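# A structural walkthrough
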Amino acid sequence: MVGGGPAGAAAAITLARAGRDVVLVDKARFPRDKCCGDGLTTGALRRLEQLGLRPDAVASWHVVEDVWVRSPSGRTACFPFPRDRGTFGAVARRADLDAALLDVARAAGVKVHDGHAVTGATGTDLEVEGIGTVSAQYVIGADGMWSPLRKYLGVTDEAERGYLGEWHAFRQYFRDVAEPAATQLWVWFEPDLLPGYAWSFPLADGRANVGFGIQRGAHSQPTSAMKDQWSDLLARPHIRAVLGENAQPEAPHKAWPIPARVERTDLTAAGGRVLFVGDAARATDPMTGEGIGQALETGVLAAESILAGNTSAYPVAIRRGLAVDNRLAGALSRVLAHRKGARGALRIAAATPWTRRNFARWLFEDYPRAVLATPHRWAQHALTGDGAWSPRTGQP
Ligand SMILES: Cc1cc2nc3c(=O)[nH]c(=O)nc-3n(C[C@H](O)[C@H](O)[C@H](O)COP(=O)(O)OP(=O)(O)OC[C@H]3O[C@@H](n4cnc5c(N)ncnc54)[C@H](O)[C@@H]3O)c2cc1C
């Protein structure tokens, strides 16, 4: 396993629990920061629960009950999650979350070597810094947006040369934020960012993860202008009102690209013995840029295909599921790119208590985005199920 983020950890846990001998290497030492909004959708939370993560093992864990959205026209609406039925949204620093998930992997028997980079690869033989050559039956590339493994194996095709991702996003942690930012999850559809958006996601201890993302190509401003845009955004009265006058940045901002083109990406190499997952499979949602749930999903699917002895089933599963979701999300993103489209979509979403509730659940991937178009994923109670760690199932 190359990479110990959510994608690599999910694959490693799934394989180790099935009795496979799993070695995971990551160039970083954990806990390590990952530039991210730290937002966890219902889909991500359910997968974390299935993998055996306990929220109390994650220090900055904060449960979200409502999503507040401001439309480009300045109208604000609250989209509530169901109450007393488990967790439908949460925020957790990636430094805490990813380290806790690797602890689950270690407990499942995965041999974790953090602080060791993969520096070369031939098929399933890896050169690992400080260790030497590691030969494996299968290799899973979970090494993120820039995936050095893709490059070592020459999987990067012509179209991908100079590839910089579909989104580019900024993030900064703030402390001493006011009540709204400390307790509520905010999304601002600013007219000049569409189809991108700005966010403030609440963390434990009066802190918040604040940031914004823009889509490459869809935007009149180049990503090099984002630094100036950042101070301009933070000074906008409606954003300042949520963060509060005493909010202080904790550290410099960070920026990182987000890849969202799983349907156009080679997912395997070396005759099916190397599989790419998570950001290395370009698997984030093209509408929101969320990728933790997708990283967990692709990691588990890749591992299951190895356990079944049929890795060609992995790209097929992606084409029949996630790729359909992402095509729908891409189409909606084109609607959101225009002020009128974004305004209209949010007006419909906020029209009644029923649409508000269901919009929150759809946005947070409580069920697959394109569930209606993929009957093979229909399951009993799919649209009415509980959140993760539901009190009704007796989980913490
Ligand atoms: C600013 C921003 C905000 C975001 N907000 C959200 C959000 O709120 N919610 C959400 O769901 N998603 C969000 N995303 C997307 C999300 O962060 C990613 O989709 C997710 O981290 C992908 O997980 P992964 O396991 O595939 O990769 P990563 O988490 O990037 O892990 C890859 C790992 O590979 C390791 N690695 C790299 N090279 C090597 C090497 N040569 N040898 C060994 N190891 C190596 C790295 O050290 C790293 O630990 C955001 C992204 C950005 C940039």
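These numbers come from a predicted model, not from an experiment.

### Some remarks on the overall build of the protein
- When you go through the protein residue by residue, the secondary structure sums to 12 helices and 19 strands.
- Over its C-alpha trace the protein gives a radius of gyration of 20 Å, about what one expects of a compact globule, namely 21 Å for 396 residues.
- Considered along the principal axes of its C-alpha atoms, the protein spans approximately 55 × 50 × 40 Å.
- Expressed as a percentage of its 396 residues, the buried residues of the protein come to 58%.

### Describing empty space enclosed by the protein
- As enumerated under the stated definition, the model contains 2 cavities of 30 Å³ or more in all.
- Together, V69, R70, S71, S73, R75, T76, A77, F79, R343, L346, R347 and A350 line the largest cavity.
- Where the lining of the largest cavity is concerned, the elements lending two or more residues are β4 (66-70), β5 (76-80) and α11 (339-349).
- Here the residues of the lining of the largest cavity are counted per class, giving 5 nonpolar, 3 polar and 4 charged.
- If you trace the second largest cavity, you find it lined by W188, A198, W199, V210, G211, W230, L233, L234 and I239.
- Breaking the lining of the second largest cavity down by element, the ones donating at least two residues are β14 (197-203), β15 (207-215) and α6 (226-234).
- A per-element tally of the lining of the second largest cavity places α6 first, with 3 residues.
- For the lining of the second largest cavity, the per-class residue count stands at 8 nonpolar, 1 polar and no charged.

### Remarks on the site of the ligand
- Surveying the vicinity of the ligand reveals 37 residues, the closest of which are D26, G37, G39, V118 and D279.
- Between the ligand and the protein, one listed contact pairs an oxygen atom with a side-chain N or O atom of D26 at 2.6 Å.
- G291 places a polar main-chain atom, nitrogen or oxygen, 2.9 Å from a nitrogen atom of the ligand.
- Counting only elements with at least two residues in the shell around the ligand, the list comes to α1 (6-17), β1 (23-26), β14, β17 (254-258) and α8 (292-307).
- By residue class, the composition of the shell around the ligand is 19 nonpolar, 9 polar and 9 charged.

### Comments concerning the sheet that holds strand β11 (residues 139-141)
- Reading across from one edge, β11-β19-β18 is the order of the 3 strands in this open sheet, with mixed pairing throughout. The open sheet has two edge strands with one neighbour each: β11 and β18 (268-269).
- One ladder, built from 3 bridges, connects β11 with strand β19 (residues 274-276); its direction is parallel. In the sheet register, I140 faces β19, and the bridge partner there is L275.

### Describing the side chain of Q172
- Within the fold, Q172 resides in strand β12 (residues 167-175).
- In terms of polar contacts, Q172 uses its side chain to reach the backbone carbonyl oxygen of A251, at 2.8 Å.
- Apart from the residues within four sequence positions on either side, Q172 is in contact with A208, N209, V210, W230, L234, P249, A251, P252 and H253.

### Quick look at the sheet that holds strand β3 (residues 62-63)
- Ordered in space as β2-β6-β3, the 3 strands form an open sheet in which the pairing is antiparallel. What marks the edges here is a single partner per strand, and that holds for β2 (39-40) and β3.
- Here 2 bridges tie β3 to strand β6 (residues 90-91), and the two strands are oriented antiparallel to one another. Each residue of the ladder has a partner; that of H62, found in β6, is V91.

### Observations concerning the pattern of salt bridges
- Inspection of the entire model under this criterion finds 21 salt bridges.
- The partner of R236 in a salt bridge is E190, and the shortest N-O contact between them spans 2.8 Å. One end of the pair, R236, is in the loop between α6 and α7 (237-243); the other, E190, is in the loop between β13 (185-188) and β14, and 46 residues separate them in sequence. Exposure class is identical for R236 and E190. Each is buried.

### Quick look at the packing of aromatic side chains
- Tallying each qualifying case throughout the model produces 12 aromatic pairs.
- Ring geometry for W68 versus W186: centroids 5.4 Å apart, planes at 20°, classification stacked. Of the two residues, W68 sits in strand β4 while W186 sits in strand β13, which places them 118 residues apart along the sequence.
- Taken together through their ring pairs, the aromatic side chains of W167, F189, Y197, W199 and F201 make up a single cluster.
- The aromatic ring of Y173 is capped on one face by R93, whose charged end is 4.0 Å from the ring centroid.
- Taking NZ or CZ as reference, R150 lies 4.5 Å from the ring centre of F276, over its face.

### Quick look at the environment of A302
- With respect to the secondary-structure elements, A302 resides in helix α8.
- Separated by 31 residues in the primary sequence, A302 and S333 have C-alpha atoms spaced 28 Å apart.
- Not counting residues up to four positions away in its chain, the partners in contact with A302 are I140, L275, V277 and Y314.

### Quick word on the side chain of S200
- Among the structural elements, S200 can be located in strand β14.
- With sequence-adjacent residues up to four places away left out, S200 is seen in contact with A181, Q184, L185, W186, W188, A208, N209, V210 and L243.

### What about a nonpolar patch on the surface?
- Taken together, the side chains of W146, L164 and W256 define a hydrophobic patch exposed on the protein surface, amounting to about 280 Å² of accessible area.
- With a relative accessible area of 34%, W256 lands in the partly exposed category.

What counts, and where the lines are drawn
Residues numbered from 1 in each chain as written. Predicted model: local features only at pLDDT ≥ 70, side-chain atom pairs only at ≥ 80, totals over all residues. Heavy atoms only, no water. Helix = DSSP H or I, 4+ residues; strand = E, 2+ residues; numbered from the N terminus. Rg over C-alpha atoms; globule rule 2.2 N^0.38 Å. Buried < 20%, exposed > 50% of the residue type's maximum accessible area, 1.4 Å probe, protein only. 1 Å grid on protein atoms, 1.4 Å probe; cavity = no way out; pocket = protein on both sides within 12 Å on 5 of 7 lines; lining within 4 Å. Points joined across faces, edges and corners; volume = space filled by probe spheres on them. Nonpolar A, V, L, I, M, F, W, Y, C, P; charged D, E, K, R; others polar. Near = heavy atom within 4 Å. Polar contact = N/O pair within 3.5 Å; in protein donor to acceptor, adjacent residues only side chain to side chain. Pairing = 2+ DSSP bridges. Contact = heavy atoms within 4.5 Å. Salt bridge = Lys/Arg side-chain N within 4 Å of Asp/Glu carboxyl O. Phe/Tyr/Trp six-rings, centres within 6.5 Å; stacked < 30°, edge-to-face > 60°. Lys NZ or Arg CZ within 6 Å of the ring centre and 35° of its normal. Patch = residues over 30% accessible without salt bridge, like charges linked within 9 Å, V, L, I, M, F, W, Y side chains within 5 Å. Areas by Shrake-Rupley, 256 points an atom, 1.4 Å probe, with all protein chains shown as cover.

Remember, this is a structural readout, not a statement about activity or role.
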